[in-house]
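# Remarks on the overall topology
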Amino acid sequence: MIIFTDIDLDGLGCGLIAKLAFADKANIFYCSYRNLNQRVEAVIKNPENNNVEIYITDLAVNEQVEKKLEERFQKGKPVQMIDHHVTALHFNQYKWGSVIPEYETGKKSCATSLFYDYLIEHKMMERNKALEEFIELVRQYDTWEWAENNNLTAKRLNDLFYIMSRELFEEEMLKRLSENKDSFTLTDTEHMLLDIEEQKIHRYIHSKSRQLVQTFIDDYCVGIVHAEQYLSELGNELNNLYPHLDMIVLLNMGGKKMGFRTIHDEINVAEYAKKYGGGGHPKASGSEMTREAFEKFVINVFEMIPLKPDADRNEFNVKDSQVGTSYQNPLGESSYIIPCGDGYFSIVHNKKKLEQSFSVFADAERYLKRNYSSWLRSDHEYLYHVSKALRISQDELRGNYQEIIRNHHVDITL
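Overview of the structure. Within any chain, residue numbers begin from 1 and follow the written order of that chain's sequence. The predicted nature of this model means local features are confined to residues of pLDDT at least 70 and side-chain atom pairs, given and counted, to a pLDDT of 80 or more, with totals for whole chains, interfaces and linings taken over all residues. No hydrogens and no water enter the side-chain calculation; it runs on all heavy atoms of the structure.

## Re the overall build of the chain
Filter applied, for reference: A helix here means a DSSP run of H or I that spans at least four residues, while a strand means a run of E at least two residues long, and both kinds are numbered starting from the N terminus. Partly exposed residues are those whose accessible area sits between 20% and 50% of the maximum for their type, while under 20% is buried and over 50% is exposed, using a 1.4 Å probe and protein chains only. Residue contacts are counted whenever heavy atoms from the two residues lie within 4.5 Å of one another. Per-residue and other accessible areas were derived by the Shrake-Rupley procedure at a 1.4 Å probe size, with only the shown protein chains allowed to occlude residues.
Regarding its fold elements, the chain presents 17 helices and 16 strands. On the principal axes, the C-alpha backbone points of the chain span a range of 85 × 45 × 40 Å. Burial statistics for the chain: of 414 residues in total, 51% are counted as buried. Partitioning the contacts of the chain with sequence separation of at least 6, the portion at a separation of at least 24 is 58%. Surface exposure of the chain reaches about 20,900 Å², of which carbon and sulfur atoms provide 47%.

## Points about helix α5 (residues 129–142)
Basically, it comes down to this: To estimate how far a helix should extend, the number of its residues minus one is multiplied by 1.5 Å.
In this model, α5 (14 residues) spans 20 Å end to end at C-alpha, consistent with the 20 Å of a helix rising 1.5 Å per residue. Within α5, ten of the 14 residues are buried, leaving the element largely enclosed by the surrounding structure. Among all positions in α5, only A130, L131, F134, I135, L137, V138, R139, Q140, Y141 and D142 are buried. On the buried face of α5, the contacting elements are α1 (9–22), α4 (111–121), α6 (145–149), α7 (152–163), α8 (166–179) and α10 (231–241). With its phi angle positive at about 65°, W144 sits one or two positions after the end of α5.

## Remarks on the pattern of salt bridges
Quick note on the threshold: The working definition used for a salt bridge is a side-chain nitrogen of Lys or Arg within 4 Å of a carboxyl oxygen of Asp or Glu.
This structure, assessed with the given rule, holds 25 salt bridges. Among the ionic pairs, K68 bridges to E41, the shortest N-O distance being 2.2 Å. Of this pair, K68 sits in helix α3 (residues 63–74) while E41 is found in helix α2 (residues 36–45), placing the two residues 27 residues apart along the sequence. Here K68 falls in the partly exposed class, since its relative accessible area comes to 26%. Of the residues examined, E41 reaches a relative accessible area of 16% and is grouped as buried. Across the pair E197 and K200 runs a salt bridge whose closest N-O atoms are separated by 3.7 Å. Of the two residues, E197 and K200 are both situated in helix α9 (residues 188–209); the distance of three residues between them amounts to about one turn of the helix. Linked by salt bridges that have partners in common, D310, K319, E365 and K369 make up one network.

## Details of the pairing of strand β11 (residues 284–288)
The condition that has to hold: Two strands qualify as a pair provided DSSP detects at least 2 bridges between them.
Counted residue by residue, β11 has four buried out of five residues, so it is predominantly covered. The sheet contact formed by strand β9 (residues 257–261) and β11 spans five bridges and is antiparallel. Its bridge partner being in β11, F260 is matched across the sheet by S285. Looking at chain direction, strand β10 (residues 279–280) and β11 are connected through two bridges and run antiparallel. Bridge assignment links G279 to a residue of β11, and that residue is G286.

## A short note on the layout of surface pockets
Note the threshold: Put simply, the grid is 1 Å and covers the protein atoms alone, a cavity is a trapped set of points that fit a 1.4 Å probe, a pocket is an open set with protein on both sides within 12 Å along at least five of seven lines, and lining residues have an atom within 4 Å of a point. Grid points are joined across faces, edges and corners, and a volume is the space filled by probe spheres set on the points. Ten residues, namely Ala, Val, Leu, Ile, Met, Phe, Trp, Tyr, Cys and Pro, are considered nonpolar, four, namely Asp, Glu, Lys and Arg, are considered charged, and the remaining ones, Gly among them, are considered polar.
The volume enclosed by the second largest pocket comes to roughly 570 Å³. In terms of lining residues, the second largest pocket is bounded by 24 residues, among which I205, S209, R210, E237 and L241 are the most central. At the level of elements, α9, α10 and β16 (375–376) are the ones that each hand at least two residues to the lining of the second largest pocket. Taken together, the residues of the lining of the second largest pocket break down into ten nonpolar, five polar and nine charged.

## Examining the sheet that holds strand β13 (residues 334–339)
Reading across the sheet, the five strands line up as β15-β14-β13-β12-β16 and stay open at both edges, with antiparallel pairing between neighbours. Two strands bound the open sheet, and with one partner strand each, they are β15 (352–358) and β16. Of the strand pairs in this sheet, β13 and strand β14 (residues 345–349) are connected by five bridges, and their pairing is antiparallel. Opposite I337, over in β14, you have I347 as the bridge partner.

Purely geometric stuff here, so don't read any function into it on its own.
Structure below.
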């Protein structure tokens, strides 16, 4: 048999199961969207593969190859596609297609769990308790359920996959799952390596958070950053750090790939990725970097100044303050969100009061950040600005901050 599967942990899980089930008879091709179609076409064109069982897991071929697979199936040649991405649901129209984003219980699926279920159902392999524990970790990580359940072991398994080479990881997991079928655990040495890796991830995310640029593309307010590793962790952290953005776009220039991540239920990045020939999950997807995408996400934003995250240790210039909150943007323009006294909030940007008013502070801040790329100013910078504008010492300002700001709104903001 031949199996075409993805290059991530979920794809590796499918390859691992195939080797456990079929041993040396399993030929695994780890693919990306860029080379999947070419590889599948090459195999089905070869007459020597007429009776070879072909499995495609965790990936979807294009329309041209899709038709050729249907022709192959109609001629009685074996083919089976197993996936869980909503962008591949149309494959369910074929007898050889099985795309199940979630189980009847409502639990989200992954390709590894679906492939295992398929082989068990068709009596192609025996149950393995340790393997099932491994599969559940893969499923929780791939669906991001681990974050909801705080299942750090699932995240650590994925981190280990990227620390080790795919070949070494696969070899180690095959040995462990074959020798111990009662339970699956990570070793003490692996945990030590993962502790070091977590520190590297934290430093990487901190560095990349200072490189993000913001712009509107295709009616979405997006944050763009160049990154080649830790994409899931980075995308999730940047989304939480900048929740006013519709999505985070992760650009891998060396691999000519793009990743799309969001935390918003109303945004479907899987559908958005299809615009560039990709697909995936509603909140996590990817595609190849097309020439059109390169122009939009690289060339057109090249001169932009990166965002700064909100100051996080302020005592005076805090959000939803009764005396107003100060922001700044990459152009050096100042903005203020000021409570109006009637339950509404107004924005003063660059010494001009905007016509819009907002019923809650969060809406005003979202508008300000999306339209002016602003961030919460630090106490140090803001207090220096106010003391200079009002010609009073910072000590005096700190001692009677609320009253001074309330009495000098106009002097500070306009």
